[in-house]
Amino acid sequence: MIRMTKLKHAMAAALVLASAGQALAADDIVIGASLPLSGPLAGFGAYQKWGYETAINDVNKNGGIDVGGVRHKVKLVIRDDKTDPNSTASNTETLISRDGAVAMLGSCTPALVNAGALVAERRKVPIVSGCDPLGAFKSVRQWKYAWDIFFDEGDLGTAPFRMLADYRLETNKKIAIFSDNGPDGKVVGGLIWPNAAKQGGFTVAQQNTFPVDAQQFTSMIGEAKADDAHIVLVDAIPPQAIAMRKQMVSADFQPKILVMEKGAEPEQFARALGKLSDGILVGGYWDPSFPYPGAADLGKRFESEMKQTQSQHIADSYTAAQVLLDAISKAGSVDRDKINDAIGKTNKTYVVGPVAFDAAHTSRIPIAVMQWQDGKAVTVWPKDRANGKPIFPLPAAR
């Protein structure tokens, strides 16, 4: 009798412990993200962090995500990759093996996103990213576990020429191209812009490539000025884009059109340059005025919470997190293969627009052209989405 009582007590204790373990597990679905929170791309990482955290906080406020009829809270673990692909790879491995991430959210730019995606691919862990142009993403391999929601470089590269034609902006059709030697710089600056220029009847007077950490551009600027290039197309990260704009002013080089891809995207670019940012164009894909569910509210929330101008990167990061969370719910499991299968079946309009993945694991966002005007990124093209008119020509420095 005594032995039976002890056995019952032991069984009861075991049940309590098991129940406690299940309750803990229900609150402990871990998603990992390695982001550039420091280094040259920290401006992008800050937007991504807000987008990922906000999407997950929104779900957790409602009790978590429904997985197989049970509500689970989600824990987002973020590690700083310091704008270093090696750190991105290392962080991704740590987030999976040590932090127990069942899935991942990506970093920003091809070098960082692809580095993390390769680790996730090897570990057979699904990863959803924005912030990686589709051509650069697809060129790495045929992905099985990595997914990308972003724009296509071909659309980005031809957008300035289509905008010039639509608005009938008059130039001498001479172009100078300055692009870094990173993955998207090579594609956009090295291939797409020269081809688009040729097809549009433009002349490429200068085509210069520089290291991603370069700081001096006076020689190439001088050559573009000597050639009287009315159009300058730049692909560079923010520090280089900022330095280049200042050096153009110092050289008294005043093109009519200045496009600065990548580097001119974050608000930190406009803050660093002040009035010198006015009139600078940059490819874009989202604005709170776009007719997508929750777009206007997301922009207002960011500006209210962060006390700064919204960025399009809050939309693709918020959407990437939503896509992943929806997939976990639809999978009804934290099994990584089931989550991965559910991601592939995504077909829904999110805050960044419609998302449906193709055979290459990409979902394409239509391109737009933004222009910095009085510290705000205004959509100036295409005309049916524009919320402002383009400033032309580029204002003189003052």
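Please refer to the structure placed before this passage.
Residues numbered from 1 in each chain as written. Predicted model: local features only at pLDDT ≥ 70, side-chain atom pairs only at ≥ 80, totals over all residues. Heavy atoms only, no water.

Peer 1: What am I meant to see in the overall build of the protein chain here?
Peer 2: A count of helices and strands for the protein chain gives 13 helices and 17 strands. Here the C-alpha radius of gyration of the protein chain, 24 Å, is about what a compact globule of 398 residues would show, namely 21 Å. For the protein chain, the C-alpha atoms occupy an extent of roughly 100 × 35 × 35 Å along the three principal directions. Residues counted as buried form 55% of the 398 residues belonging to the protein chain. Counting contacts in the protein chain only where the partners sit at least 6 residues apart, residues at least 24 apart contribute 68% of the total. For the protein chain, the exposed surface amounts to about 16800 Å²; the carbon and sulfur share of it is 53%. Treating the 44 positive side-chain charges of the protein chain as one cloud and the 42 negative ones as another, the clouds have centres 5 Å apart. (Helix = DSSP H or I, 4+ residues; strand = E, 2+ residues; numbered from the N terminus. Rg over C-alpha atoms; globule rule 2.2 N^0.38 Å. Buried < 20%, exposed > 50% of the residue type's maximum accessible area, 1.4 Å probe, protein only. Contact = heavy atoms within 4.5 Å. Areas by Shrake-Rupley, 256 points an atom, 1.4 Å probe, with all protein chains shown as cover. Lys, Arg positive; Asp, Glu negative; His and termini not counted. Charge placed at Lys NZ, Arg CZ, Asp CG, Glu CD.)

Peer 1: Whenever I open this one, the state of the cysteines confuses me. Can you help?
Peer 2: One way to say it: the disulfide is the covalent bond shared by the sulfur atoms of two cysteines. Throughout the structure, instances matching the rule amount to one disulfide. Paired by a disulfide, C108 and C131 hold their sulfur atoms 1.7 Å apart. Placement of C108 in the loop between β5 (103-105) and α4 (110-123) and of C131 in the loop between β6 (127-129) and α5 (134-138) is noted, with a sequence separation of 23 residues between them. (Disulfide = S-S within 2.5 Å.)

Peer 1: What's the story with the pattern of salt bridges in this structure? I'm lost.
Peer 2: Any two side chains of opposite charge can pair if their charged atoms end up close together. A full pass over the atoms with the stated rule returns 14 salt bridges. The shortest N-O distance in the salt bridge between D99 and R79 comes to 3.0 Å. Of this pair, D99 sits in the loop between α3 (85-97) and β5 while R79 sits in strand β4 (residues 74-80), placing them 20 residues apart in sequence. You can call D99 partly exposed: its relative accessible area is 22%. Measuring nitrogen to oxygen at the nearest pair gives 3.3 Å for the salt bridge that ties R122 to E93. Placement of the pair is R122 in helix α4 and E93 in helix α3, with a sequence separation of 29 residues. Taking relative accessible area as the criterion, E93 reaches 25% and is therefore assigned partly exposed. (Salt bridge = Lys/Arg side-chain N within 4 Å of Asp/Glu carboxyl O.)

Peer 1: Is there a simple way to think about the sheet that holds strand β15 (residues 362-364) in this case?
Peer 2: By definition, the strands of a sheet pair up through backbone hydrogen bonds, in either a parallel or an antiparallel sense. Taken together, the six strands give an open sheet; going across it, the order is β4-β1-β5-β6-β7-β15, and neighbouring strands pair in parallel fashion. Strands at the two margins of the open sheet, each flanked by one partner only, are β4 and β15. The mean inter-strand angle of the sheet, taken between neighbouring strand axes irrespective of direction, is 20°. In the packing of helix α2 (residues 42-61) onto the sheet, contacts are made with β1 (29-35), β4, β5 and β6, and the angle to β4 comes to roughly 170°. (Pairing = 2+ DSSP bridges. Axes fitted to C-alpha atoms, helices over the stretch in contact; angles between N-to-C directions.)

Peer 1: Looking at this structure, I do not really get the pairing of strand β16 (residues 368-373). What am I missing?
Peer 2: Walk down a regular strand and you will see the side chains alternate between the two sheet faces. The element β16 is extensively covered by neighbouring structure, given that six of its six residues are classed as buried. Residue alternation in β16 divides its side chains into two sets, A368, M370 and W372 and V369, Q371 and Q373, and both sets are buried. Summarising the sheet, strand β12 (residues 281-284) and β16 pair through four bridges and their orientation is antiparallel. In the sheet register, L281 faces β16, and the bridge partner there is Q371. Here β16 runs beside strand β17 (residues 376-381); their pairing, made up of five bridges, is antiparallel. Paired with Q371 across the bridge in β17 is V378. Count of turn residues in the β16/β17 antiparallel hairpin: two residues, of which D374 carries a positive phi of about 55°.

Peer 1: Before we go on, may I ask you to explain the environment of D99 in this structure?
Peer 2: Considering only alpha carbons, one finds D99 and I31, 68 residues apart in sequence, at a separation of 8.9 Å. The contacts of D99, once residues within four sequence positions are left out, are V30, V77, R79 and T94. Here the side chain of D99 touches R79 through a polar contact of 3.0 Å, side chain to side chain. (Polar contact = N/O pair within 3.5 Å; in protein donor to acceptor, adjacent residues only side chain to side chain.)

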